[in-house]
Amino acid sequence: MDANKGTGADMKACAHAIFLAIALRVAFADAAVSLTKLGEKDLGVEGCSGITHVGGDDFYIAQDHDANGNPTLHPVSIAIDRDDGRIRLVQFSAGLKLSGTGDAEGVAYDPCSKGVWVSDESSPPKIQEFQPTLAAANLTARRAAPVPAIYGNCRGNAKLEALTMSRDGLTLWTANEEALSGDGPISSSDNGTVVRLTRFVRVRASDNWTASGQWAYQCDKAGSSLFTSRHQCGLSGLCALPDGSLLALEREVSESTWGRCSVYRLTAAAFAAATDVSFLGALEGASYTKLAKGSALLSFKGKGLTSMLCYEGICLGPKLSDGSYSVLLVSDGQTETKKFGFLTVTAVTVSNICALRLSGIEETVPEYREDVENYADLAEEVKNNLAKALEQYN
């Protein structure tokens, strides 16, 4: 056996070591984390479900369906002012058809392979990697992540909505949008739905993923609706941060809010205190500790029945000149009409991109480097950085 290649137990042990190290570092951090809304722009493209940053002004946006009903990946140039964090210009390139995909939702750029991972809400749900090239208009998946069998219990169109990757390229996160069968009820104005966040890790950049932990997260309650069927609140996006924490994007759609966007931060300490529910076949009636999400870093609503918000995708953007980070959201756009006798009511969800500013984040997860061969090396580096950082508090 290759002495440099770790076992599954090694990967989990190293992942746990990194989580504990980051949790301790965050506990000593002085800066308060904040998230500020800077502004929104009309995308002009419906069906945008996910966004991921490649570098500089380059991004990919997943479209769950184009004009022909095909799931599509768009290379997009987004010019962000590095001083004020606002979006100056958005330019879409021709979409790349994702062959073998039924409903593209989450999207995550892989700095190791230069590929793009896409979560698919088909049955059964899938997470596949595609290699975008200028020479191919149709992309075929080159490999797939081993999605845990429990996600076969997803309900309807509430499967793997979220996807994000750490900037070192060694951790991948996904989550279902609403509760699995056996995990509790779907969202309503009476209760929030409980979903599962799953972490994947790999030892080497070239390795495929191994599931390494699963945690329960409770979404907020949905508002009430009278005229349309849009009445839900689920987890629509995840965003891995440079300090090892995650941003969780909740998408609520109802007429009482005209669509509410809420963003929570899940710290390494919150994961350490919660139960790994990988061993539980059903959460309903079971004893476990959910992730503590605290208060929302940011929450805002839509403006009316014809300008409802439905933010589905979230990603970390470029670092700004003051040391804060850009965060971008994309909103799915569509129109729904419902008749009540002689009365016809039309609800319009706008297709927007929204710029946020994230401040107070400590950088404890290094960016991907080709000289880092395996997860154990990276864990040792993080622990060494932690020891140095804590010296200032002694």
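Residues numbered from 1 in each chain as written. Predicted model: local features only at pLDDT ≥ 70, side-chain atom pairs only at ≥ 80, totals over all residues. Heavy atoms only, no water.

A closer look at the environment of D83
Structurally, the position occupied by D83 is in the loop between strand 4 (72-80) and strand 5 (87-92). Taking the C-alpha atoms as reference points, D83 and G323, separated by 240 residues in sequence, lie 9.9 Å from one another. Side chain to side chain, D83 and S321 meet in a polar contact 2.9 Å long. (Helix = DSSP H or I, 4+ residues; strand = E, 2+ residues; numbered from the N terminus. Polar contact = N/O pair within 3.5 Å; in protein donor to acceptor, adjacent residues only side chain to side chain.)

Regarding the sheet that holds strand 16 (residues 232-240)
The four strands are arranged 16-17-18-19 in an open sheet whose pairing can be described as antiparallel. Among the strands making up the open sheet, the edge pair consists of strand 16 and strand 19 (298-301). For this sheet, the mean inter-axis angle between neighbouring strands, taken without regard to orientation, is 20°. (Pairing = 2+ DSSP bridges. Axes fitted to C-alpha atoms, helices over the stretch in contact; angles between N-to-C directions.)

Observations regarding the side chain of D183
Locating D183 in the fold gives a position in the loop between strand 13 (171-176) and strand 14 (194-201). Look at D183 and you get buried, because its relative accessible area is 3%. Within polar-contact distance, the side chain of D183 engages the side chain of R196 at 2.7 Å. If near-sequence neighbours (up to four positions away) are discounted, D183 is found in contact with V194, R196, A282, L283 and E284. (Buried < 20%, exposed > 50% of the residue type's maximum accessible area, 1.4 Å probe, protein only. Contact = heavy atoms within 4.5 Å.)

What about the sheet that holds strand 13?
Overall, antiparallel pairing links the four strands, which are arranged 12-13-14-15 in an open sheet. Whereas interior strands pair on both sides, the edge strands pair on one side only; in this sheet they are strand 12 (160-165) and strand 15 (210-218). The mean angle between the axes of side-by-side strands here comes to 20°, regardless of whether they run parallel or antiparallel. Summarising the sheet, strand 13 and strand 14 pair through five bridges and their orientation is antiparallel. Each bridged residue has a counterpart across the sheet, and for L172 the counterpart in strand 14 is F200.

Quick word on the pattern of salt bridges
Pairing between side chains of opposite charge can happen when their charged atoms approach one another. Taken as a whole, this structure holds 19 salt bridges when the rule is applied. One salt bridge in this structure joins K126 and D120, with 3.7 Å as the shortest N-O distance. Looking at D120, the relative accessible area reads 1%, which means it is buried. In this structure, R265 engages D243 in a salt bridge whose closest nitrogen and oxygen atoms are separated by 2.6 Å. Of the two residues, R265 sits in strand 18 (residues 260-266) while D243 sits in the loop between strand 16 and strand 17 (246-253), which places them 22 residues apart along the sequence. Here R265 and D243 have matching classes, each one buried. (Salt bridge = Lys/Arg side-chain N within 4 Å of Asp/Glu carboxyl O.)

Considering the environment of G39
Topologically, G39 is positioned in strand 1 (residues 34-42). Remark: the alpha-carbon pair of G39 and G85, spanning 46 residues in sequence, is separated by 9.3 Å. Residues in contact with G39, not counting those within four places in the same chain, are R86, I353, C354 and A355.

Concerning the packing of aromatic side chains
A complete count under the given rule lists five aromatic pairs for this structure. A ring pair is formed by W173 and F271, whose centres lie 5.0 Å apart and whose planes are at 45°; its orientation type is tilted. Remark: F271 occurs in helix 2 (residues 268-273) and W173 occurs in strand 13; sequence separation between them is 98 residues. Comparing W173 with F271 shows no difference in burial state: the two are buried. Here the aromatic rings of W215 and F271 are separated by 5.1 Å at their centres, their planes lie at 85°, and the arrangement is edge-to-face. With a gap of 56 residues between them, W215 in strand 15 and F271 in helix 2 connect regions that are remote in the sequence. Note on W215: relative accessible area 6%, which makes it buried. Residue classification places F271 among the buried positions, given a relative accessible area of 3%. In textbook terms, an aromatic cluster arises when at least three aromatic residues are bridged by ring pairs, as seen for W173, W215 and F271. (Phe/Tyr/Trp six-rings, centres within 6.5 Å; stacked < 30°, edge-to-face > 60°.)

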